[in-house]
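Next come the chains, spelled out residue by residue.
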Amino acid sequence: LTVHEEQPGKDEPSDEGVCNILVQVDFGDKTFTMEEAVEAIGFGRFQWKLSMLTGVAWMADAMEMMLLSIATPQLRCEWRLSSWKVAFITAIVFFGMMVSSSLWGNISDKYGRKVCLILCMLWTLHYGLLSAFAPVYSWILVLRCLVGFGLGGAPQSVTLYTEFLPMKSRGISIILLGVFWALGAVFEVLLAMVVMPTLGWKWLLAFSTLPLVVFAASCCWLPESARFDVLRGREDKALDTLKYIAAANGSSVPTGRLIANTQTERGRIRDLFIPEYRKTTLLVWVIWFCNAFSYYGLVLLTTELFQAGSACSATDNSNMEPQCSLECNYLTFHDYVDLLWTTLAEFPGILGTLWMIDRIGRKKSMAICFLLFSVYFATVLPKLFLILTVFIFIARACITGGWQVAYVYTPEVFPTATRAIGIGTGSGMARVGALITPFIAQVLLKSSVYLTLSVYLICCLLGTVASLVLPMETTGRSLQESTQSTMEQKNMERPHGSETPHHKGSSSMWMIGC
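Values in this document were obtained by computation on a predicted structure and should not be read as measured data.

Here the focus is the overall build of the protein. Secondary structure summary: the protein contains 18 helices and 7 strands in total. Within the protein, the proportion of its 514 residues that are buried is 57%. Sequence-distant contacts, at least 24 apart, represent 85% of the contacts inside the protein between residues at least 6 apart. Counting every atom, the protein has about 21,100 Å² of accessible surface; 63% of that belongs to carbon and sulfur.

Written out as structure tokens, the structure reads:
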């Protein structure tokens, strides 16, 4: 580093307090960024192992959610609950998730993705087991609320997973992570078919924590995100993680020095509303709300309609809408079989999304899934109870695909400094939708089938519009690191317009006015 201070000549005017410093920097070594390192290492054995571990967390989330639609009909009969009380059991779980989602996102952005994910999964395991011993209605409300509080951090598994994925693999890999959600939902139904008729709902709650036990036994392997370590100024630790991943994948880290872009203020909600991200944040929240409202509404409608059976039937006048009398009826083996068939719709939804996401982009993929869900709701209303299983299968495939794309888009559109809080607040908005939907799917359904389904139709049309007007398409776009316009770089700072990476022997000169 050579510094020359230029002084004015005798005949040149002098401005007091003003000087020009000529700085010449010799870039004797190559440099590389985190994005370049992740791309060079590629997708390999490490990512497959990480897929398994984060997938187990996804399975646990799916099973706890599917549990709500299976256990509540049993509780309605056993404790003789009204429709409002049944809906409140579901709503209280989503209330816990809504309260905690942003908190877990803040913890993830400030203290690390690994710390956040382990804490929330262990919390969920503890209170999930305790809820199996709930003696009365009030206790089940308290304990399931605490389970929901822990589940609010489950989406941070996607944050961690995303930050280890190269660009070409990112969309497909996150969508395939949704396979674990589908497996969790299917496993919960199969588990209920065996456990509910013999052991009852308490044993079902206990057995539903099995994926959490597997996660707890394996979480010591879980690495911290190298992108997060770079952002908090621990580039040495990040480099060690990159070398470990490269060794596991049989590749190598780029030669040279890692450029560390640090940001001390992380995980702040107000950073989501800077001018560059304000519109995106609001639209992402709408999309997450519509996805959760529609998805969980459909899951709850499935068991409510199967449970009601012939109680949901048309009157003698074919022009009048069907009426549902939702009394106490235990789910039968045939109901579980129908529930299993509709749950299997998760898989074609994922496959359809895999085909679309990189071909037409994230925005259009979400819009198409919302639109297909809306169109199907509108066209099958008159024939709903004649083809109930087929209807739910196709509708669930559509909304599953849309939600999976939202999980791809959200971590891509926000930088590392606010990625977790972006997913956390989006998940929080989703839980608002999930909090409301039981009172539509389990209470309003009793009064009006058409009005109930029309609410979901309008919601998904809103989601279609929100997806189309998103200001940014993230397909083929690198992950951003910092929200700051001028990022601190611990190793060196590149002049504006310079090329990266700098090769050995290159140098750069620029003027600094002071």
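Let's shift gears to the packing of helix H2 (residues 45-78) against helix H7 (residues 167-195). Contact geometry of H2 with H7 gives a least axis separation of 7 Å together with a crossing angle of 45°. Relative to H7, the element H2 lies oblique. In terms of crossing hand, the pair formed by H2 and H7 is right-handed. Class assignment for the residues of the contact of H2 with H7 results in 19 nonpolar, 5 polar and 2 charged.

Here the focus is the environment of tryptophan 104. Considering the arrangement of structural elements, one finds tryptophan 104 in helix H3 (residues 83-111). Through-space distance from the C-alpha of tryptophan 104 to that of glycine 150 is 8.8 Å; in sequence the pair is 46 residues apart.

Running from N to C, H2 and helix H5 (residues 137-151) point in directions that differ by 145°, and their axes come no closer than 11 Å. Handedness of the crossing formed by H2 with H5: left-handed. Note on element contacts: H5 touches H2 through Arg144, Val147 and Leu151, opposite Asp61, Glu64, Met65 and Leu67. Considering only residue class, the contact of H2 with H5 consists of 4 nonpolar, no polar and 3 charged.

With that settled, the discussion passes to helix H18 (residues 449-468). Between its first and last C-alpha atoms H18 spans 30 Å; for 20 residues at 1.5 Å apiece the expected length is 28 Å, and the two agree. For H18, the set of buried residues is Val449, Thr452, Leu453, Tyr456, Leu457, Cys459, Cys460, Gly463, Thr464, Ala466 and Ser467.

In this structure, Met65, Ile70, Phe215, Tyr296 and Trp403 are the most contacted members of the largest nonpolar core, which totals 137 residues. Per element, the largest residue contribution to this core is 17 residues, and it comes from H2. Residue-level mapping places this core at the junction of two domains, with at least three residues from each of domain 1 (29-261) and domain 2 (271-309 + 328-475). Apart from residues lying up to four places away in sequence, isoleucine 70 is in contact with Glu188, Val189, Ala192, Met196, Leu204, Leu331, Tyr336 and Leu339.

Before going further, it helps to examine a nonpolar patch on the surface. On the surface, a cluster of nonpolar side chains totalling about 300 Å² of accessible area is made up of Tyr111, Val115 and Leu119. Among the secondary structure elements, leucine 119 is positioned in helix H4 (residues 113-131). Assessed through its relative accessible area of 45%, leucine 119 is described here as partly exposed.

Going through the model one piece at a time under the given rule, you end up with 23 aromatic pairs. Note on phenylalanine 43 and tryptophan 48: the rings are 5.4 Å apart at their centroids and 85° apart in plane angle, and the pair reads as edge-to-face. On the basis of relative accessibility, which here comes to 51%, the residue tryptophan 48 falls in the exposed class. Three or more aromatic residues joined by ring pairs make a cluster, and in this case those are Trp58, Phe94, Trp181, Trp288, Tyr295, Tyr296, Trp403 and Tyr407.

This part covers helix H1 (residues 34-41). Within the sequence span of H1, burial applies to Met34, Glu35, Ala37, Val38 and Ile41. End-on, the buried residues of H1 take up no more than an arc of 160°, which puts them together on one face. The secondary structure elements touched by the buried residues of H1 are strand S3 (31-32), H7, helix H10 (226-231), helix H11 (235-249) and strand S4 (257-258). Once H1 ends, the next one or two residues include glycine 42, with phi positive near 75°.

Turning to the side chain of threonine 124, a few remarks are in order. If you trace the backbone, threonine 124 turns up in helix H4. A relative accessible area of 0% places threonine 124 in the buried class. Among the polar contacts made by the side chain of threonine 124, one reaches the main-chain carbonyl oxygen of cysteine 120 at a distance of 2.7 Å. Not counting chain neighbours up to four residues away, the residues in contact with threonine 124 comprise Val147, Gly150, Leu151 and Leu212.

Before going further, it helps to spend a moment on the pattern of salt bridges. According to the stated counting rule, one finds 11 salt bridges in the structure shown. Its salt-bridge partner being aspartate 229, residue arginine 232 comes within 2.8 Å of it at the nearest N-O pair. Residue classification places aspartate 229 among the buried positions, given a relative accessible area of 0%. Through salt bridges with shared partners, one network takes in Glu35, Arg170, Arg227, Asp358, Arg362 and Glu412.

Time to look at the environment of arginine 278. With respect to the helices and strands, the residue arginine 278 is situated in helix H12 (residues 278-308). Here phenylalanine 273 takes part through its backbone oxygen, which lies 3.4 Å from a polar atom of the side chain of arginine 278.

This part is about the environment of serine 251. Looking at the element boundaries, serine 251 is found in the loop between H11 and S4. The spacing of serine 251 and glycine 44 is 207 residues in sequence and 9.0 Å in space, taken between C-alpha atoms. With near-sequence residues (within four places) excluded, serine 251 lies in contact with Ala40, Ile41 and Ala246. For serine 251, the side chain forms a polar contact with the main-chain oxygen of isoleucine 41, separated by 3.0 Å.

The subject of this paragraph is the confidence of the model for the protein. This prediction gives the protein a mean pLDDT of 77; 79% of its residues lie at or above 70. Within the protein, the lowest mean pLDDT, 34, falls on strand S7 (residues 506-513), and the highest, 92, falls on H4. This stretch, residues 1-27, has a pLDDT under 50; its non-local contacts, to residues over four places away or in other chains, come to 52 contacts.

Turning our eyes to something else, we now look at the state of the cysteines. Enumeration over the complete set of coordinates arrives at 0 disulfides. Not engaged in a disulfide, the cysteine cysteine 219 finds its nearest cysteine sulfur in cysteine 220; these two sulfurs lie 6.1 Å apart.

Conventions we followed
- Residues numbered from 1 in each chain as written.
- Predicted model: local features only at pLDDT ≥ 70, side-chain atom pairs only at ≥ 80, totals over all residues.
- Heavy atoms only, no water.
- Helix = DSSP H or I, 4+ residues; strand = E, 2+ residues; numbered from the N terminus.
- Buried < 20%, exposed > 50% of the residue type's maximum accessible area, 1.4 Å probe, protein only.
- Contact = heavy atoms within 4.5 Å.
- Areas by Shrake-Rupley, 256 points an atom, 1.4 Å probe, with all protein chains shown as cover.
- Axes fitted to C-alpha atoms, helices over the stretch in contact; angles between N-to-C directions.
- Parallel < 35°, antiparallel > 145°, perpendicular 65-115°, else oblique.
- Left-handed = near helix turned anticlockwise from the far one by under 90°.
- Nonpolar A, V, L, I, M, F, W, Y, C, P; charged D, E, K, R; others polar.
- Expected span 1.5 Å × (residues − 1).
- Core = buried A, V, L, I, M, F, W, Y, C linked by side-chain atoms within 4.5 Å.
- Domains from an automatic or database assignment.
- Patch = residues over 30% accessible without salt bridge, like charges linked within 9 Å, V, L, I, M, F, W, Y side chains within 5 Å.
- Salt bridge = Lys/Arg side-chain N within 4 Å of Asp/Glu carboxyl O.
- Phe/Tyr/Trp six-rings, centres within 6.5 Å; stacked < 30°, edge-to-face > 60°.
- Arc of directions from axis to C-beta.
- Polar contact = N/O pair within 3.5 Å; in protein donor to acceptor, adjacent residues only side chain to side chain.
- pLDDT = per-residue confidence, 0-100.
- Disulfide = S-S within 2.5 Å.

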